[in-house]
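Structural overview
Listed here are the chains, written in short residue letters.
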Amino acid sequence: MTKDGPMIKLCIIDDIRSVVDMIAKKPPWKEHHIEVVGMALDGEDGLRLVKEKKPEIVLTDIRMPKKDGLAMTQEILENSPSTKIVILSAYTDFSFTKQAIRLGAFDFIKKPFSIDEVIQIVLKAKAAYLEEWQEQREVLELKQNMIKSLPILQQEYLSLVIHHRTNPTAAYLRWQTLGIQLDSKDFSLFIVELDRFMDKYKQQPAREVELIRFSLRNILEETISSFTRGVVFSEALNRFVCLVHCKDMKMAEQISESCRVNMYQFTHSTISIGIGRCVQSIDELPDSYQQAMNALEYHFYTDGVNNYVPTPENEKTLLNYTASTEQELLFALRAGHHEKCQLILEQIFNDMLQRDPFPKPQQVENLSYELSSKICRVMSEQFPHERVKRLEEQWNAVKRSGLVSFQMLRDAVKEICLEACSWIEQERTDESTRLIYQAKDYICANLHTNLTLDVCAKQFNISPGYFSNLFKKVLNISFQQFVIHQRMEQAKEMLIDDYQVQEIAQKLGYEHRRYFSEIFKKHTNMTPSEFKLYSTGKVSTHTDLLD
């Protein structure tokens, strides 16, 4: 092969040796990237020569002994249609020449001829051959590219039909065109998600990750092939979609479970699988895919294989824990009662597990975040911000872990709460701190009395000034603000318990109902009556009250 294309081989066949020698030796064939690879003096030798040398161009006389050029042309073109045959003929042989052209000969030269005529017609044949050769090369390259890209095209199409509905007839034709090795009916679809894939392999080079994913996919394909025909394609870095020929859910469960077991046996990797309902035709695949995604979502609660379970129309939604439960938790937290905090949190999370169906994972995550945030907010009332950030970071670490489960969220909230309780307990070990907490308990037990700074200081035999400073230092709130806060929190509980406003004011040491209402509104941004409506659920938000 030269830079201008392949070297063209030329064979010359004529029963006159002088003609053969002249055509072979006089033209500067090498300058034209043409090589004379053989010569023959009769048709039979010429045919053997052509079969042996496989030239691109043959110059042959029309009349020769043993086998004429006409018969030779027909036989050469049957075996090698791309060969360019140029006929050498006298005027009297013109009818034979026309027949040779009909058989497929490229062109002819009339005898007598000049060397220039021979060169021109051979170069013309060469150009025609190279044009065809280039076209064939491009077609071959296109076919090779199609073969290489076929898996990608198949995956793109399969990804399309599991997300978007399609016409069954058109889908079937496309299915056949792409050569998808799977019957186009009776499907089971399941989604395989690799647990903690990013955490395990994020430090690996891209080539290593590619090889790992290839091996994981190969395990899935081999497992499926031991049961039925199927295809596996990638949907995300840590997720595969498995489409199998199957119309029995029990069999689909068996295949999925085998995939899970084999994956762990050969790679020690755990996977979560969501199975959609079996469907009959291609256009139903989006339904099965969505069902598999819904089932996969519930690996949040359980490991392994999850089947799709239809959600009833009257599905229960996740109700927030009640205001009284929250208040009880935060009171226990402020008091450092870790056992009571743990009990309340267990009740909140166990309530979620009693629901049918389970709450959406995002709802559980949101509620867990809300609990953690409120715990941190309570701690920020008593401890420096930098210290409270440690609790916030515990929650952020859970979020960053990638795979978040119900158990992880429950444990994270409990750990944050119990650590917060330990801070409070530690603070109380100091003698002066214990004194203030005793004062705090005294205040909470005597909210109905005339609680002044002097009265409380006298109760604990210390000066009012020292008591005031120590109280603020330990609890991070002034004595007066704490008394008001506790009275207002007690007032909220009494309003929820349906006490009358006048009765509440009296029980909390306020002589005038109006003054009590003013303090309450300043503290809660709602009047007692508004708060009562809000807490009983007769209005859903404070904005509704303003409206």
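Residues numbered from 1 in each chain as written. Predicted model: local features only at pLDDT ≥ 70, side-chain atom pairs only at ≥ 80, totals over all residues. Heavy atoms only, no water.

**Thoughts on the packing of helix α19 (residues 479-496) against helix α21 (residues 513-524)**
To keep things clear, this is the line we draw: Axes here mean lines fitted to C-alpha atoms, for a helix over just the part in contact, with angles spanning 0 to 180 degrees between N-to-C directions. The helix count covers DSSP runs of H or I at least four residues long, the strand count covers runs of E at least two residues long, and both are numbered beginning at the N terminus. Roughly parallel means an angle under 35 degrees; roughly antiparallel, over 145; roughly perpendicular, 65 to 115; everything else is oblique. In this description, contact between two residues means that some pair of their heavy atoms is separated by no more than 4.5 Å. The residue classification treats Ala, Val, Leu, Ile, Met, Phe, Trp, Tyr, Cys and Pro as nonpolar and Asp, Glu, Lys and Arg as charged. All others, Gly included, are polar.
Between α19 and α21, whose axes approach to 10 Å, the crossing angle comes to 100°. Between α19 and α21, the angle falls in the class roughly perpendicular. Contacts between α19 and α21 involve Ile484, His485, Met488, Glu489, Ala491, Lys492 and Leu495 on the former and, on the latter, Phe516, Ile519, Phe520, His523 and Thr524. Residues of the contact of α19 with α21, tallied by class, amount to seven nonpolar, three polar and two charged.

**Quick word on the confidence of the model for the chain**
Using the following cut-off: pLDDT gives the predictor's per-residue confidence on a scale running from 0 to 100.
Overall, the prediction assigns the chain a mean pLDDT of 83, with 91% of residues at 70 or greater. Per-element confidence in the chain ranges from a low mean pLDDT of 46 for helix α23 (residues 542-546) to a high of 93 for strand β1 (residues 8-13). Long-range and interchain partners of residues 313-318, a stretch whose pLDDT sits below 50, account for nine contacts in this model, where long-range means more than four residues apart.

**Notes on empty space enclosed by the protein**
Our working rule: Grid spacing is 1 Å over the protein atoms alone, the probe is 1.4 Å, and a cavity is where that probe fits but cannot get out, while a pocket is an open set with protein on both sides within 12 Å along at least five of seven lines and lining residues have an atom within 4 Å of a point. Grid points are joined across faces, edges and corners, and a volume is the space filled by probe spheres set on the points.
Overall, the coordinates contain one cavity of 30 Å³ or more when judged by the stated rule. The computed volume of the largest cavity comes to approximately 40 Å³. As for the largest cavity, its lining consists of Leu194, Asp195, Phe197, Lys200, Tyr201, Leu216, Ser269 and Thr270. With three residues, the top contributor of residues to the lining of the largest cavity is helix α7 (residues 197-201). Broken down by class, the residue content of the lining of the largest cavity amounts to four nonpolar, two polar and two charged.

**Observations concerning the side chain of Arg239**
Test applied: Accessible area is worked out with a 1.4 Å probe on protein chains only. A residue is then buried under 20% of its type maximum, exposed over 50%, and partly exposed in between. Counted as a polar contact is a pair of N or O atoms within 3.5 Å, where, for protein atoms, one must be capable of donating a hydrogen and the other of accepting one, and residues adjacent in sequence contribute only when both atoms are in side chains.
Tracing the backbone through its elements, the reader meets Arg239 in strand β8 (residues 239-245). A residue is classified by how much of its surface remains accessible, and Arg239, at 18% relative accessible area, is buried. In this structure the side chain of Arg239 is engaged in a polar contact, spanning 2.8 Å, whose partner is the side chain of Glu193.

**Let's talk about the pairing of strand β5 (residues 107-110)**
Note the threshold: Paired strands, in this sense, are two strands between which DSSP finds at least two bridges.
The alternating pattern of β5 places Asp107 and Ile109 on a buried face, while none of Phe108 and Lys110, on the opposite face, is buried. In this structure, strand β4 (residues 84-89) lies alongside β5, joined through four bridges in parallel fashion. In the strand pairing of β5, Ile87 is matched with Phe108.

**Notes on the nonpolar core**
Going by this rule: Nonpolar cores are built from buried Ala, Val, Leu, Ile, Met, Phe, Trp, Tyr and Cys residues. Side-chain atoms within 4.5 Å join them into one set.
Grouped together as the largest cluster of nonpolar side chains are 68 residues, with contacts concentrated most on Leu333, Leu371, Met379, Ile443, Phe467, Phe471 and Phe516. In this structure Phe467 touches Ile436, Ala439, Leu453, Cys456, Ala457, Ile462 and Phe479, once residues within four positions along its chain are discounted.

**Focus: the packing of α19 against helix α22 (residues 528-535)**
Formally: Should the near helix be turned anticlockwise from the far one by less than a right angle, the crossing is left-handed, and should it be turned clockwise, the crossing is right-handed.
Running from amino to carboxyl end, α19 crosses α22 at an angle of 60°, the nearest separation of the two axes being 9 Å. The orientation of α19 with respect to α22, classified from their angle, is oblique. Where α19 crosses over α22, the two elements pack in a sense that is right-handed. Each of Lys492, Leu495 and Ile496 in α19 lies in contact with α22, whose residues at this interface are Pro528, Phe531, Lys532 and Ser535. In terms of residue class, the contact of α19 with α22 is made up of four nonpolar, one polar and two charged.

**Section: helix α2 (residues 43-53)**
We apply this condition: Each direction from the helix axis to a C-beta atom contributes to the arc, which is the arc of those directions.
Every buried residue of α2 is accounted for by Gly43, Gly46, Leu47, Leu49 and Val50. An end-on view of α2 places all buried positions within 160° of arc, on one side of the element. Its side-chain oxygen at 3.1 Å from the backbone nitrogen of Glu44, Asp42 defines the N-terminal cap of α2. Following α2 by one or two positions, Lys54 adopts a phi angle in the positive range, close to 50°.

**Observations regarding a negative patch on the surface**
The condition is simple: Exposure above 30% relative accessible area and the absence of a salt bridge qualify a residue for a patch, where like charges join within 9 Å and nonpolar side chains (Val, Leu, Ile, Met, Phe, Trp, Tyr) within 5 Å. Only the protein chains shown count as cover for residues, and the accessible areas themselves come from Shrake-Rupley with a 1.4 Å probe. Salt-bridge detection follows one rule: a side-chain nitrogen of Lys or Arg within 4 Å of a carboxyl oxygen of Asp or Glu. Note that His is not counted, nor are the chain ends; the positive residues are Lys and Arg, and the negative ones are Asp and Glu. Charge placement uses NZ in Lys and CZ in Arg. For Asp and Glu, CG and CD serve respectively.
A surface patch of like charges, here negative, comprises Glu131, Glu135, Glu138 and Glu141. Examined against the element boundaries, Glu135 turns out to sit in helix α5 (residues 115-163).

**As for the state of the cysteines**
We count it as follows: Here, the term disulfide refers to a pair of cysteine sulfur atoms separated by no more than 2.5 Å.
Evaluation of the coordinates by the stated rule reveals zero disulfides. Counting only cysteine sulfurs, Cys341 is the nearest neighbor of Cys417, a cysteine outside any disulfide, at a range of 3.9 Å. What makes Cys417 buried here is its relative accessible area of 0%. Note on Cys421: no disulfide assigned, nearest cysteine sulfur contributed by Cys341 at a separation of 3.6 Å. Look at Cys421 and you get buried, because its relative accessible area is 0%.

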